[in-house]
Amino acid sequence: MADREYAYYAGCSLEGTAVEYDMSMRQVFKALGVTLREPEDWSCCGSTPAHTVDHVLAAALAARNLSIIEKMGTDTVTVPCPSCLSAFKRAHLGMKGDESFRHAVNELLDEPYNGGVSPKSTLQIMYEDIGLEAIAKKVTHALPDLVVAPYYGCILNRPPAIAQFDDPENPISMDRILEAIGVKVSNFAFKVECCGAAFGVPKREMVNRLTARVLNMALDSGANCIAVACPLCQQNLDLRQSQVNSTMGTNFNIPILYFSQIVGLTYGLSPRELGLDKLIVSADVLVATRITVEELARKKAALEAEEKAQKARKKEDKTTTEET
Amino acid sequence: MRVGVFICHCGSNIAGTIDVARVAAEMRKVPGVAFATNYMYTCSEPGQDEIKAAIKREKLNRIVVAACSPRMHELTFRRTIEKAGLNRYFLEMANIREHISWIGLDKEANTNKAIDAVKMAVAKVMNNKPLFSSSFKVNKRVLVIGGGVAGMQAALDCADGGLEVVLVEKSPSVGGMMARLDKTFPTIDCSICILGPKMVDVAQHDKIKLHAYSEIDEIKGYVGNYQIKIKKKATYVDWTKCTGCGLCMEKCPSKNSYDHFNFGVAPTKAINIPFPQAIPKKAKIDPQYCRQFVKGKCGVCAKICPTGAINYEMQDEIVTEDVGAIVVASGYGLLDIDKLPEYGGGRYPDVITGIQYERLLNASGPTEGHILRPSDKTEPKTIVFVSCAGSRDKSVGVPYCSNFCCMYIAKQAILTKDHIPDSQSYVFYMDIRSPGKGYDEFTRRAQEDYGAKYIRGRVSRIYPKGNKMVVQGADTLLGAQVEVEADLVVLANAVTAAPGAAALAEKLHISYDTFGFYVESHPKLRPVETNTSGVYLAGAAQGPKDIPASVGQGSAAAAKVLALFSKDMLESDPAIARVNESNCVGCLKCKMTCPFGAVVEKELRGGKIVASVIETVCAGCGVCTSTCPCGAIQLSHFTDNQLLAEVNAICQI
Ligand SMILES: Cc1cc2nc3c(=O)[nH]c(=O)nc-3n(C[C@H](O)[C@H](O)[C@H](O)COP(=O)(O)OP(=O)(O)OC[C@H]3O[C@@H](n4cnc5c(N)ncnc54)[C@H](O)[C@@H]3O)c2cc1C
Ligand code: SF4
Ligand code: SF4
């Protein structure tokens, strides 16, 4: 694989509440030989609250960044946060498809955006550009006890006309990446179910109920942790778990990891480098089960040998009983 | 030359947005026009009488009617002037309704445009030549494509009317979708019990020749004289020897063949007879599952067949049939539930389609009429029906209503209660569409007598929870979200055009809509005709429709064929291409472009090669005339001179 280079727009969450997403994503890309170039003087992506007020304004906020990236001479920007991505894609596609909209937006900008940058999620870059084979090649460690429920959330793949990636109802890209690094993935029916995060302030009880549903379904599917690709999902499911427990009388204790953290763990990166200490619901117990791939192979071989021996013994027993 | 011009008001359709009196007045100034008037309803009897009277009185010898589209009334007015002694091709129509008055509100502009249009017609009519049709013999055999209930009805009615019928059915047996149904609404009579006798009649009628497991390969010719090439697909069983005993199917070791008849509810054998009542009841091999084909060894059926019917070397065969008319009754298809990922998209075994449920209900189905969940073969107690699964949903490309699902859901809810008295059915619906005779009463019975709970709202998601399927949706009457834990979910997946519908339409030269349904000649007045004369439609091929409507159309199409064949000779349209042999240089570009193969090469006495048009094959499309570098091939009634005269008429100021 030739070394790749992308513009990387982290966005505000990844500097704050989701710093561990940023840390792990950068580490994983580094391991995969991908160079990330951060635009200078980047600003707000224009998602909430701008887009609830004025589409032109929201697009202008996004397009300001896109225009900076365009000047950097790269044609793709990768964006970890689905809200930023959605804002970028809306601006990009809207300006490409509608001339009067493009004029209206560029009117608000110092430097016009000419539509030369295609925004893609980090998940999409991993899945489509880097590819499962290359992702699997870097694996040095195994997490044999991990069973992951892949949670994509509501906007990563929606609406399909904007997202233009994976399936809006049954996405599979994260499933495939996790499988490629040797992690067990559960059959999770609520991949795109609403967790209620956007109503965290006005309707807490509703959010608690919806969050509980998602967590419950993950447990039902046999998972012991949830993988996410969205700062808001992560925050909601992780931070709110104790709140859910106290209001709903539940007893959830499910670590919510960024998919990049799980990938990083299988690449042998340290929990600290991956920001695992930032999680509210600790994943330490799960991380402690990490072993090297060689160790796993040894264990497997030993297990197989044991099984064989057992079978042989049984056979022997049988023949001896038959004889007597 | 004395041209008479008649400007029609069409009530207010034309006169509302065109100053018809002014158009008539303007026409009186045009050289050659001897008479011009405007009239309230030109197509009415007094209107036509007025034309005839004016021809006599004013000694008119060319007529222009400025009114609606010639598609509507050209024939009417041709007959009118013929009755008054003029050649029917001395008529021109100016379409000032569809092309002008209906599409613009500016009366001034419309009037000016109408004046131009009528001037063009006047210029054209002055250049018209008298034309005379010749007549040709009709082959009174009819081809019916598709052996569903609509096609069988058409075939039987034609045959009973004394016509020879060739019935071509794609699958191994006739019967179509109806043969798969358990009971039928609104009377709950057993589907195969009422269809079976028709199927037997088709097989036994001495006027019907059935080609099962066959498809249309090529269609040539024109109304009255079609040559059809039919591909008889290889069955690998010699049907003249096969007795339908079924021994081969019993012994065949390949047990995982997809069962098309049962829509995959259970697998079948690689050699199979689709269902017990199949007509013809003959075996056929699915080579993609047969071990003899896949692995190159097996031969079990060849060994077991008591009549030696198996022939692994069999090839597709082409047979030809000559007919004079065609009824297309190729039915419908069903939306692939892959397109509905929010309902599992086919990932959950206990989320099935309506037609699969019919097979579970049916006594000769894979479960012998016991409703059993596909996953664990237990009897479901809570069954949820989801109507409009894909229908009326632009996002999956089906904006239309599938017509009969509301009714079959009510039927299935009733039958479910009959089969499992302690069951509870839920129906999620948008609105209940049951406008047929006795239909609304039927859907009420499902609710009132059989206790089906109808929830008005759409289902947003279906997901598994333990061994249940959770159906999550809205109850828009309560304004609440609801969840039903179901044992089995039945999706009324949308009706689509039959697979291959578009390709068949291309062969037939008939039009189809964006969804692949065939387009009738007029939605109200010519519902079973197409725009290609001699080709008729019946059943769901034209749009989703239930059995009563399909049968009605089958009979209607048969009546049209019988009417067409009531004459021994048909008149040909003289508006066809003709070659001026002295101008023709024999390049034969026209021969290469003619889409109908109507142009042939001809050697004149002096050895000169020229093009020549076969009168009966030419469809009058005019492609050849624009190809000819010498203007030697001309379309009668649309010659270069006639068209140029029209152009000149509007270019004069
Ligand atoms: C689940 C379900 C339940 C239903 N229940 C009822 C009910 O209770 N009452 C009711 O009135 N209606 C019911 N219907 C509707 C009913 O199935 C249709 O009205 C009826 O089958 C239409 O008949 P048809 O002959 O037009 O089409 P089809 O039944 O589809 O038959 C068309 C035939 O043409 C053949 N064919 C297709 N393409 C070609 C080709 N290119 N060349 C040659 N042959 C071809 C097909 O193989 C088929 O045999 C139900 C439908 C469904 C899906
Ligand atoms: S001739 Fe045509 S335009 Fe005139 S009344 Fe009849 S339908 Fe209307
Ligand atoms: S192929 Fe032979 S064995 Fe099979 S049904 Fe026909 S006659 Fe019977």
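Calculation criteria
- Within each chain, residue numbers correspond to sequence positions counted from 1 in written order.
- Working convention: letters from A go to chains and numbers from 1 go to ligands, in the order in which they are written.
- Totals for whole chains, interfaces and linings use all residues, but because this is a predicted model, local features are given only for residues with pLDDT of at least 70 and pairs of side-chain atoms are given and counted only at 80 or more.
- To obtain the side-chain values, all non-hydrogen atoms of the structure were included, while hydrogens and water were left out.
- Helix and strand assignments come from DSSP, with helices taken as H or I runs of at least 4 residues and strands as E runs of at least 2, each series counted from the N terminus.
- Only protein chains enter the accessibility calculation, which uses a 1.4 Å probe. A residue is then buried if its area is under 20% of the maximum for its type, exposed if over 50%, and partly exposed in between.
- In what follows, residue pairs with any heavy atoms lying within 4.5 Å of each other are defined as contacts.
- The protein chains shown are the only cover counted for residues, whose accessible areas, like all others here, come from Shrake-Rupley with a 1.4 Å probe.
- When charges are counted, Lys and Arg contribute as positive and Asp and Glu as negative, whereas His and the chain ends are disregarded.
- Here the site of a charge means NZ on Lys, CZ on Arg, CG on Asp, or CD on Glu.
- As used throughout, domain bounds are those supplied by an automatic or database domain assignment.
- By nonpolar core is meant a set of buried Ala, Val, Leu, Ile, Met, Phe, Trp, Tyr and Cys residues that side-chain atoms within 4.5 Å join together.
- Residues are labelled near a given molecule or strand when at least one of their non-hydrogen atoms is within 4 Å of it.
- Ten residue types, Ala, Val, Leu, Ile, Met, Phe, Trp, Tyr, Cys and Pro, are classed as nonpolar, four, Asp, Glu, Lys and Arg, as charged, and the remainder, Gly among them, as polar.
- A 3.5 Å cut-off defines polar contacts: any pair of N or O atoms within that distance qualifies, except that in protein one atom must be a possible hydrogen donor and the other a possible acceptor, and neighbouring residues in sequence count only when both atoms are side-chain atoms.
- Known as pLDDT, the predictor's confidence for each residue is given on a scale from 0 to 100.
- Accessible area that two parts lose when put together, with a 1.4 Å probe and added across both, is what the buried area reports.
- Basic side-chain nitrogens of Lys or Arg form a salt bridge, by our definition, when they fall within 4 Å of a carboxyl oxygen of Asp or Glu.
- Any two strands are treated as partners once DSSP identifies two or more bridges connecting them.
- For every element, the axis is a line fit to its C-alpha atoms; helices are fit only across the contacting stretch, and the angle between N-to-C directions ranges from 0 to 180 degrees.
- The handedness rule is simple: strands pointing away from the viewer, and a clockwise path from the first strand over the helix to the second, make the crossover right-handed.
- Throughout, a disulfide means two cysteine sulfur atoms within 2.5 Å of one another.
- When two rings of Phe, Tyr or Trp (its six-membered ring) have centres within 6.5 Å they constitute a pair, described as stacked for plane angles under 30 degrees, edge-to-face for angles over 60, and tilted for the intermediate range.
- In this scheme, Lys NZ or Arg CZ marks a charge over a ring once it lies within 6 Å of the ring centre and within 35 degrees of the ring normal.
- Multiplying 1.5 Å by the helix residue count minus one yields the expected span of that helix.
- The directions from the helix axis to the C-beta atoms form the arc being described.

S.K.: Before we go on, may I ask you to explain the overall build of chain B in this structure?
M.R.: Looking only at helices and strands, one finds 18 helices and 32 strands in chain B. When burial is assessed residue by residue, chain B has 53% of its 653 residues classed as buried. Expressed as a percentage of contacts within chain B between residues at least 6 apart in sequence, the contacts between residues at least 24 apart total 69%. About 29,000 Å² of surface is accessible on chain B, with carbon and sulfur atoms providing 53% of the total. Taking the average place of the 77 positive charges on the side chains of chain B and the average place of its 67 negative ones, the gap between the two points comes to 3 Å.

S.K.: Could you clarify how one ought to interpret the domain arrangement of chain B in this entry?
M.R.: By convention, interface size is frequently given as the accessible area that disappears when the constituent parts associate. Per the domain assignment, the segments making up chain B are domain 1 (3–127), domain 2 (141–176 + 184–226 + 318–331 + 502–564), domain 3 (234–315), domain 4 (333–496) and domain 5 (577–636). Spacing between the C-alpha centres of domain 4 of chain B and domain 5 of chain B amounts to 60 Å.

S.K.: Please clarify how the nonpolar core should be interpreted in this entry.
M.R.: Across soluble globular proteins, you tend to see nonpolar side chains buried next to one another. Core analysis: the biggest nonpolar cluster contains 235 residues, and Met-126, Ile-226 and Ile-262 of chain A together with Ile-326, Tyr-357, Ile-462 and Leu-491 of chain B have the highest contact counts within it. If sequence neighbours within four positions are ignored, Ile-326 of chain B has contacts with Val-142, Leu-143, Ile-145, Ile-219, Tyr-226, Ile-228, Leu-508, Gly-534, Val-535 and Tyr-536 of chain B. In this structure, Val-3, Ala-36, Ala-66 and Ala-117 of chain B belong to the second largest nonpolar core, which totals 44 residues.

S.K.: What exactly am I supposed to notice about the site of ligand 2 here?
M.R.: The immediate surroundings of ligand 2 are formed by Cys-8, Cys-10, Ile-14, Tyr-41, Cys-43, Ala-67, Cys-68, His-73, Phe-77 and Arg-97 of chain B. Taken together, the residues of the shell around ligand 2 break down into 8 nonpolar, 1 polar and 1 charged.

S.K.: What should I look at first to understand the side chain of Arg-461 of chain B in this one?
M.R.: Mapped onto the elements of the fold, Arg-461 of chain B is located in strand β22 (residues 459–465). Looking at Arg-461 of chain B, the relative accessible area reads 7%, which means it is buried. At a separation of 3.4 Å, a polar atom in the side chain of Arg-461 of chain B contacts the side chain of Glu-169 of chain A. Reaching out from Arg-461 of chain B, the side chain makes a polar contact with the side chain of Glu-193 of chain A at a distance of 2.6 Å. Ignoring any residue separated from it by four or fewer positions in sequence, one finds Arg-461 of chain B in contact with Arg-158, Glu-169, Ala-189, Phe-190, Val-192 and Glu-193 of chain A together with Glu-342, Tyr-343, Val-470, Val-471 and Gln-472 of chain B.

S.K.: Is there a simple way to explain the confidence of the model for chain B in this structure?
M.R.: Low pLDDT means the predicted atomic positions in that stretch should not be read closely. Mean pLDDT over chain B stands at 96; residues scoring 70 or higher make up 100%. Overall fold confidence for the complex sits at a pTM of 0.86, while the interface term, ipTM, reaches 0.81.

S.K.: Can you walk me through the environment of Arg-445 of chain B in this structure?
M.R.: Residue and element names in this part refer to chain B. For Arg-445, the position within the fold is in helix α13 (residues 439–448). Looking at Arg-445, the relative accessible area reads 33%, which means it is partly exposed. As a C-alpha pair, Arg-445 and Lys-411 span 34 residues in sequence and 9.5 Å in three-dimensional space. Excluding its chain neighbours within four sequence positions, the residues that come into contact with Arg-445 are Pro-186 and Tyr-450.

S.K.: Please clarify how the interface of chain B and chain A should be interpreted in this entry.
M.R.: At the interface, 10 residues of chain B touch 11 residues of chain A. Across the chain B/chain A interface, buried area totals approximately 830 Å², and carbon plus sulfur atoms make up 46% of it. Our enumeration of links across chain B and chain A arrives at 3 salt bridges. We note a salt bridge from Glu-169 of chain A to Arg-461 of chain B, for which the minimum N-O separation is 3.4 Å. Where chain B touches chain A, the interface holds 6 residue pairs in polar contact (both at pLDDT 80 or more). It is β22 of chain B that provides the largest number of residues to the side of chain B that touches chain A, a total of 4 residues. For the side of chain B that touches chain A, the residue count by class is 4 nonpolar, 1 polar and 5 charged.

S.K.: So what exactly am I meant to see when it comes to the domain arrangement of chain A here?
M.R.: Residue and element names in this part refer to chain A. When cut into domains, chain A gives domain 1 (4–124) and domain 2 (139–294). Taken together, the contact pairs 26 residues of domain 1 with 31 residues of domain 2. Where domain 1 abuts domain 2, roughly 2,300 Å² becomes buried across the two surfaces, and 72% of that area is made up of carbon and sulfur atoms. For the domain 1 face of the interface with domain 2, the top three residues by lost area are Glu-20, Pro-82 and Leu-123, together amounting to 30%. Taken together, domain 1 and domain 2 are joined by 0 salt bridges. Across the contact surface, domain 1 and domain 2 share 3 residue pairs in polar contact (both at pLDDT 80 or more). If you list the elements that add at least two residues to the side of domain 1 that touches domain 2, you get α1 (19–31), α4 (82–97) and α6 (122–130). No other element matches α1, which puts 9 residues into the side of domain 1 that touches domain 2. Residue composition of the side of domain 1 that touches domain 2, by class: 14 nonpolar, 9 polar and 3 charged.

S.K.: Is there a simple way to think about the sheet that holds β22 of chain B in this case?
M.R.: If you trace the 3 strands from one edge of the open sheet to the other, you get β22-β23-β24 (chain B), paired in antiparallel fashion. Among the strands making up the open sheet, the edge pair consists of β22 and β24 (480–486) of chain B. Across the sheet, the axes of successive neighbouring strands diverge by a mean angle of 20 degrees, strand direction being ignored. Pairing geometry for β22 of chain B and strand β23 (residues 468–475) of chain B, over 6 bridges, is antiparallel. Bridging from a neighbouring strand, Arg-461 of chain B pairs with Gln-472 of chain B of β23 of chain B. Across the sheet, helix α10 (residues 204–220) of chain A is in contact with β22, β23 and β24 of chain B; its angle to β22 of chain B comes to roughly 35 degrees.

S.K.: I'm lost on the pairing of strand β2 (residues 33–39) of chain B in this one. Help?
M.R.: The side chains of a regular strand alternate, first on one face of the sheet and then on the other. All names here are of chain B. Across 6 bridges, the pairing between strand β1 (residues 3–8) and β2 is parallel. Paired with Val-3 across the strands is Val-33, a residue of β2. On the question of chirality, the crossover connecting β1 to the parallel β2 by way of helix α1 (residues 20–28) is right-handed.

S.K.: Explanation requested: the side chain of Lys-124 of chain B in the structure shown.
M.R.: Residues and elements named next belong to chain B. Mapped onto the secondary structure, Lys-124 falls in helix α5 (residues 107–127). For Lys-124, a relative accessible area of 2% gives the class buried. Discounting chain neighbours no more than four positions away, the residues touching Lys-124 are Glu-92, His-637, Gln-642 and Glu-646.

S.K.: Sorry, what's going on with the state of the cysteines here?
M.R.: Simply put, the disulfide is a covalent bond whose two ends are the sulfur atoms of two cysteines. Within this structure, the stated rule accounts for 1 disulfide over all chains. Here Cys-190 of chain B pairs with Cys-193 of chain B through a disulfide, and the sulfurs are 2.2 Å apart. In this structure, the disulfide formed by Cys-190 of chain B and Cys-193 of chain B twists by about 80 degrees around the S-S bond and is classed as right-handed. Look at Cys-190 of chain B and you get partly exposed, because its relative accessible area is 23%. Here Cys-12 of chain A is not cross-linked by a disulfide; its sulfur's nearest cysteine counterpart is in Cys-84 of chain A, at 6.2 Å.

S.K.: I tried to follow the packing of aromatic side chains on my own but got confused; where do I start?
M.R.: To describe a pair of aromatic rings, you give the distance between the ring centres and the angle between the ring planes. Counting across every chain of the model gives 19 aromatic pairs over all chains. Consider the rings of Phe-293 of chain B and Tyr-312 of chain B, whose centres lie 6.2 Å apart with planes at 80 degrees: the pair is edge-to-face. On the criterion of sequence distance, the pair formed by Phe-293 of chain B in helix α9 (residues 291–294) and Tyr-312 of chain B in the loop between α10 (300–304) and β15 (317–323) is long-range, its members being 19 residues apart. By relative accessible area, which is 18% here, Tyr-312 of chain B ends up buried. Ring plane angle 40 degrees and centroid distance 6.3 Å describe the contact between Phe-404 of chain B and Tyr-408 of chain B, whose orientation is recorded as tilted. A relative accessible area of 8% means that Phe-404 of chain B is categorised as buried. Members of the aromatic cluster, joined through ring pairs, are Tyr-9, Trp-42 and Phe-88 of chain A. If you follow Lys-233 of chain B out to its NZ or CZ, it ends over the ring of Tyr-213 of chain B, 4.6 Å from the centre.

S.K.: Help me out: how do you make sense of the site of ligand 3 in this one?
M.R.: Neighbouring residues of ligand 3: 13 residues in total, closest Cys-242, Thr-243, Cys-245, Cys-248 and Cys-305 of chain B. Across the shell around ligand 3, the residue classes break down as 9 nonpolar, 4 polar and no charged.

S.K.: Is there a simple way to think about helix α15 (residues 547–564) of chain B in this case?
M.R.: Residues and elements named next belong to chain B. In this model, α15 (18 residues) spans 26 Å end to end at C-alpha, consistent with the 26 Å of a helix rising 1.5 Å per residue. Residues Ser-550, Gln-553, Gly-554, Ala-557, Ala-558, Val-561 and Leu-564 constitute the buried set of α15. One side of α15 carries all its buried residues, which in axial view fall inside an arc of 140 degrees. On its buried side, α15 packs onto β6 (141–145), α6 (149–160), β16 (325–328), β27 (535–537) and β28 (569–571). Sitting at the head of α15, Asp-546 places a side-chain oxygen 3.3 Å from the backbone nitrogen of Ala-549.

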